[in-house]
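What follows is each chain in one-letter form.
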Amino acid sequence: QVQLVESGGGLVQAGGSLRLSCAASGRTFSSYAMGWFRQAPGKEREFVARISSAGGRTGYAESVKGRFTISRDNAKNTGYLQMNSLKPEDTAVYYCAADVILSRLSTEADYWGQGTQVTVSS
């Protein structure tokens, strides 16, 4: 089992920045790939970004490429999502997720956090 807890969400103006954190506990965090997803009201959950277990490979949704950066610090059992140039359409609940298979993290994952709200005002 891996427990994931997100933090760092909040209200920000368009053009601003936020950094989300995902603190992991339980099984060895460094064994798992990690990803971020988001779900806006009335919409389906969508993939945002993913990173391999050692951090060497990353992937992003087209909608956030160039604005968001995923990273991780395995020594701290924590993953991050740096979000810059935020837009109102980035408003959503953001979830971190973990899975042993990186490719699964485009659509699903074995472990999920509870989510953190990000609201971008225009």
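Computed from a prediction, not measured in an experiment: that's the story for all the values here.

Student: Explain the overall build of the chain here, please?
Tutor: Assigned secondary structure in the chain consists of 0 helices and 11 strands. Secondary structure of the chain in N-to-C order comes out as β-β-β-β-β-β-β-β-β-β-β. At 13 Å, the chain has a C-alpha radius of gyration in line with the 14 Å of a compact globule built from 122 residues. With respect to the three principal axes, the spread of C-alpha positions in the chain is 40 × 25 × 25 Å. Taking all 122 residues of the chain together, the buried fraction comes to 44%. Pairs at least 24 residues apart make up 57% of the contacts formed inside the chain by residues separated by at least 6 positions. Here the chain displays about 6000 Å² of accessible surface, and carbon together with sulfur accounts for 45% of that area. Each charge class in the chain was averaged separately, 13 positive and 10 negative side chains, and the resulting centres sit 5 Å apart.

Student: What is the right way to read the nonpolar core from this model?
Tutor: Where a protein is soluble and globular, its nonpolar side chains tend to be buried together. Ranked by size, the top nonpolar core spans 36 residues in total, and within it Leu4, Trp36, Val48, Phe68, Leu81, Met83 and Tyr94 carry the most contacts. Those elements that place two or more of their residues in this core are strand S1 (2-7), strand S3 (18-26), strand S4 (33-39), strand S5 (46-51), strand S7 (68-73), strand S8 (78-83), strand S9 (92-99) and strand S11 (116-121). Broken down by element, the residue count for this core peaks at 5 residues, all from S9. Residues in contact with Val48, not counting those within four places in the same chain, are Trp36, Phe37, Arg38, Gly59, Tyr60, Ala61, Val64, Phe68, Leu81 and Tyr94.

Student: Looking at this model, I keep getting lost on the sheet that holds S1. Mind explaining?
Tutor: Within a beta sheet, neighbouring strands are joined by backbone hydrogen bonds and run either parallel or antiparallel to one another. Spatially, 4 strands are ordered S1-S3-S8-S7 in an open sheet, and the strand pairing comes out antiparallel. Of all the strands in the sheet, the pair left with one neighbour each is S1 and S7. The average undirected angle you get between the axes of adjacent strands in this sheet is 20°. The pairing of S1 with S3 spans 6 bridges and is classified as antiparallel. Paired with Val5 across the two strands is Ala23, which belongs to S3.

Student: Before we go on, may I ask you to explain the packing of aromatic side chains in this structure?
Tutor: As enumerated under the stated definition, the model contains 3 aromatic pairs in all. Note on Phe37 and Phe47: the rings are 6.0 Å apart at their centroids and 75° apart in plane angle, and the pair reads as edge-to-face. Linking Phe37 in strand S4 with Phe47 in strand S5, this pair joins segments that are 10 residues apart in sequence. Taken individually, Phe37 and Phe47 each receive the classification buried, so the pair is uniform in this respect. The cationic tip of Arg45 hangs over the ring face of Phe37; the distance from NZ or CZ to the ring centre is 5.6 Å. Here Arg72 stacks its cationic end above the ring of Phe29, 4.2 Å away from the centre of that ring.

Student: Would you mind showing me how to read the side chain of Glu6 here?
Tutor: You can see Glu6 is positioned in strand S1. Nearest to the buried, unbridged Glu6 among oppositely charged side chains is Arg45, at 10 Å. A polar contact of 2.8 Å, which involves the side chain of Glu6, links it to the backbone nitrogen of Cys96. Within the structure, the side chain of Glu6 is placed 3.0 Å from the backbone nitrogen of Gln114, a separation counted as a polar contact.

The rules we used
- Residues numbered from 1 in each chain as written.
- Predicted model: local features only at pLDDT ≥ 70, side-chain atom pairs only at ≥ 80, totals over all residues.
- Heavy atoms only, no water.
- Helix = DSSP H or I, 4+ residues; strand = E, 2+ residues; numbered from the N terminus.
- Rg over C-alpha atoms; globule rule 2.2 N^0.38 Å.
- Buried < 20%, exposed > 50% of the residue type's maximum accessible area, 1.4 Å probe, protein only.
- Contact = heavy atoms within 4.5 Å.
- Areas by Shrake-Rupley, 256 points an atom, 1.4 Å probe, with all protein chains shown as cover.
- Lys, Arg positive; Asp, Glu negative; His and termini not counted.
- Charge placed at Lys NZ, Arg CZ, Asp CG, Glu CD.
- Core = buried A, V, L, I, M, F, W, Y, C linked by side-chain atoms within 4.5 Å.
- Pairing = 2+ DSSP bridges.
- Axes fitted to C-alpha atoms, helices over the stretch in contact; angles between N-to-C directions.
- Phe/Tyr/Trp six-rings, centres within 6.5 Å; stacked < 30°, edge-to-face > 60°.
- Lys NZ or Arg CZ within 6 Å of the ring centre and 35° of its normal.
- Salt bridge = Lys/Arg side-chain N within 4 Å of Asp/Glu carboxyl O.
- Polar contact = N/O pair within 3.5 Å; in protein donor to acceptor, adjacent residues only side chain to side chain.

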